[in-house]
Amino acid sequence: MNTPFRLHHAADTAATAVRLALEEAGLKYDLAPINIDAGDNRTAAYLAINPNGMIPVLETPDGAIFETGAILLWLADRHPQAGLFPAPDAPGRASALKWLFWLANSLHPAERLLFYPERHIADVDGQPAALRKATALRVAAMFDMLETGPDTQWLEAEGPSILACYLAMLLRWPALYGGDASWYQRANWPRLMRFAARFEARPAVRRVAEVEELGMHGFSNPQP
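This section reports on the structure supplied with the text. All values derive from a computational prediction rather than experimental measurement.

Counted by the stated rule, this structure contains 14 aromatic pairs. Seen from their ring centres, Phe 5 and Trp 74 are 6.0 Å apart, and the 80° between their planes marks the pair as edge-to-face. Here the residue Phe 5 occupies a position in the segment before strand E1 (6-9), and Trp 74 occupies one in helix H3 (residues 68-78), the gap between them amounting to 69 residues. Comparing Phe 5 with Trp 74 shows no difference in burial state: the two are buried. Site record: aromatic cluster; members linked through ring pairs are Phe 115, Tyr 116, Trp 173 and Tyr 177. The ring of Tyr 116 carries the charged tip of Arg 119 above its face, separated from the ring centre by 3.8 Å.

Quick look at the structure:
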């Protein structure tokens, strides 16, 4: 590696959340492009650093790290000067951890189920379509909880955070992937859309959005 970090990356995947955090922290990194259609993530070399065959992986001086939430937390804790996450002894740490793990363990997996229902249920009698419809309602309910729920003041924070980097991607994807997105009504979540608009206006986010062709309003108003 020419830098301390190499990000195994495909545009508009969870790797983008990590790239956003690297840019927000002002860290230098190399990109290792992954062509999913060509099976780059199933090669022996890639499986050696992530046996799940998933994206992203971040190669670091401490070794290769997989799982988006783990990478984001490691980056924030190793580079506290960037202010991406409360320090271990900070009063807001417990709440921030709660929401980071919720994003990683609840919202993110639900969206994967929304996008790939056929991987989880037999493709007979319209079962994948029914599962997708039910999952869309579940994801919408999660957005509702963020919109009005308690202890979500981090949505109004002006500075960078790994929570923002992660959530912005999870707000973007449902509008673009997973079939019929008629359930995704931006007007239902004005607070979340204000968050997304503030986020996409940040210089670091603009840099990533430009090179990954996410659009000028790729988080607050995603377009195919």
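Moving on: the side chain of Glu 147. Mapped onto the secondary structure, Glu 147 falls in helix H5 (residues 127-148). Buried within the structure, Glu 147 lacks any salt-bridge partner; its nearest side chain of opposite charge belongs to Arg 194, at an N-O separation of 5.3 Å. For Glu 147, the residues in contact, after removing those within four places along its chain, are Asn 188, Trp 189, Pro 190, Arg 191 and Leu 192.

Turning to the pairing of strand E3 (residues 57-60), a few remarks are in order. Neither face of E3 is left uncovered, since the one carrying Val 57 and Glu 59 and the one carrying Leu 58 and Thr 60 both have all their residues buried. Sheet analysis places E3 next to strand E4 (residues 63-66), joined by four bridges and oriented antiparallel. Looking across to E4, one finds that Glu 59 is bridged to Ala 64. With antiparallel pairing between neighbouring strands as the criterion, E3 and E4 make up a hairpin whose turn holds two residues.

What follows is about the layout of surface pockets. Approximately 880 Å³ is the volume found for the largest pocket. Lining the largest pocket are 32 residues, and of these Ala 14, Met 54, Ile 55, His 108 and Arg 112 lie nearest its centre. Listed by contribution, the elements that provide at least two residues to the lining of the largest pocket are H3 and helix H4 (93-115). The element that contributes the greatest number of residues to the lining of the largest pocket is H4, accounting for nine residues. The residue inventory of the lining of the largest pocket, partitioned by class, reads 18 nonpolar, nine polar and five charged. Along the walls of the second largest pocket sit 13 residues, with Pro 86, Gly 92, Ala 96, Trp 154 and Leu 163 positioned nearest its centre. Class assignment of the residues belonging to the lining of the second largest pocket gives a composition of eight nonpolar, five polar and no charged.

Turning our attention to the pairing of E1. Here E1 runs beside strand E2 (residues 30-33); their pairing, made up of four bridges, is parallel. Each bridged residue has a counterpart across the sheet, and for His 8 the counterpart in E2 is Ala 32. Where E1 lies against E3, three bridges are found, and the strand directions are antiparallel. Across the sheet, the residue bridging to His 8 is Val 57, located in E3.

Okay, the nonpolar core next. Within the largest apolar cluster, 63 residues are counted, with the highest numbers of intra-cluster contacts made by Leu 22, Leu 75, Leu 107, Phe 143, Leu 167, Trp 183 and Phe 219. Every element with two or more residues in this core is listed here: helix H1 (14-25), H3, H4, H5, helix H6 (162-172), helix H7 (190-200) and helix H8 (203-211). With ten residues, H6 is the single largest residue contributor to this core. Every residue in contact with Trp 183, bar those within four places of it in the chain, is listed here: Leu 114, Ala 136, Val 139, Ala 140, Phe 143, Pro 174 and Trp 189. Core analysis: the second largest hydrophobic core is formed by six residues, Ala 15, Tyr 46, Ile 55 and Val 57 among them.

Moving on: H3. Of all eleven residues in H3, eight are buried; the element is thus mostly enclosed. Those residues of H3 lying buried are Thr 68, Gly 69, Ile 71, Leu 72, Leu 73, Trp 74, Leu 75 and Ala 76. Buried-residue contacts for H3 involve H1, E3, E4, H4 and H6.

If you walk across this open sheet you meet the four strands as E2-E1-E3-E4, and the pairing is mixed. Two strands lie at the open edges of the sheet, namely E2 and E4, each paired on one side alone. Between one strand axis and the next, the sheet turns through 20° on average, direction left out of account. Seen against the sheet, H1 touches E1, E2 and E3 and runs at an angle of roughly 150° to E1. Docked against the sheet, H3 engages E3 and E4, running at close to 125° with respect to E4.

Calculation notes
Residue numbers restart at each chain and count upward from 1, following the sequence in its written direction. Local features in this predicted model are restricted to residues of pLDDT 70 or higher, and side-chain atom pairs are both shown and tallied only at a pLDDT of 80 or more, whereas totals for entire chains, interfaces and linings draw on every residue. Hydrogens are left out, water is left out, and the side-chain values use all remaining heavy atoms of the structure. The rule is short: rings of Phe, Tyr and Trp, with Trp giving its six-membered ring, pair when the centres are within 6.5 Å, and they are stacked under 30 degrees, edge-to-face over 60, tilted in between. Working definition: helices are DSSP H or I runs of at least four residues, strands are E runs of at least two. Numbering for both runs from the N terminus. Each residue's exposure class comes from its accessible area (1.4 Å probe, protein chains only) as a fraction of the maximum for that residue type: buried when under 20%, exposed when over 50%, partly exposed otherwise. Look at NZ for Lys and CZ for Arg. If either is within 6 Å of the ring centre and within 35 degrees of the ring normal, a charge sits over the ring. Charge assignment: positive for Lys and Arg, negative for Asp and Glu; neither His nor the chain ends contribute. The rule for a salt bridge is simple: a side-chain nitrogen of Lys or Arg has to be within 4 Å of a carboxyl oxygen of Asp or Glu. Throughout, a contact is declared for two residues whenever any of their heavy atoms are within 4.5 Å. Note: two strands are recorded as paired if DSSP finds a minimum of 2 bridges between them. Cavity and pocket criteria rest on a 1 Å grid covering protein atoms alone: a 1.4 Å probe that fits but cannot get out defines a cavity, protein on both sides within 12 Å along at least 5 of 7 lines defines an open pocket, and an atom within 4 Å of a point defines a lining residue. Grid points are joined across faces, edges and corners, and a volume is the space filled by probe spheres set on the points. Charged means Asp, Glu, Lys or Arg here, nonpolar means Ala, Val, Leu, Ile, Met, Phe, Trp, Tyr, Cys or Pro, and polar covers whatever is left, Gly included. For our purposes a nonpolar core is just a set of buried Ala, Val, Leu, Ile, Met, Phe, Trp, Tyr and Cys residues, chained together by side-chain atoms within 4.5 Å. Working convention: axes come from line fits to C-alpha atoms, limited for helices to the stretch in contact. Angles between N-to-C directions cover 0 to 180 degrees.

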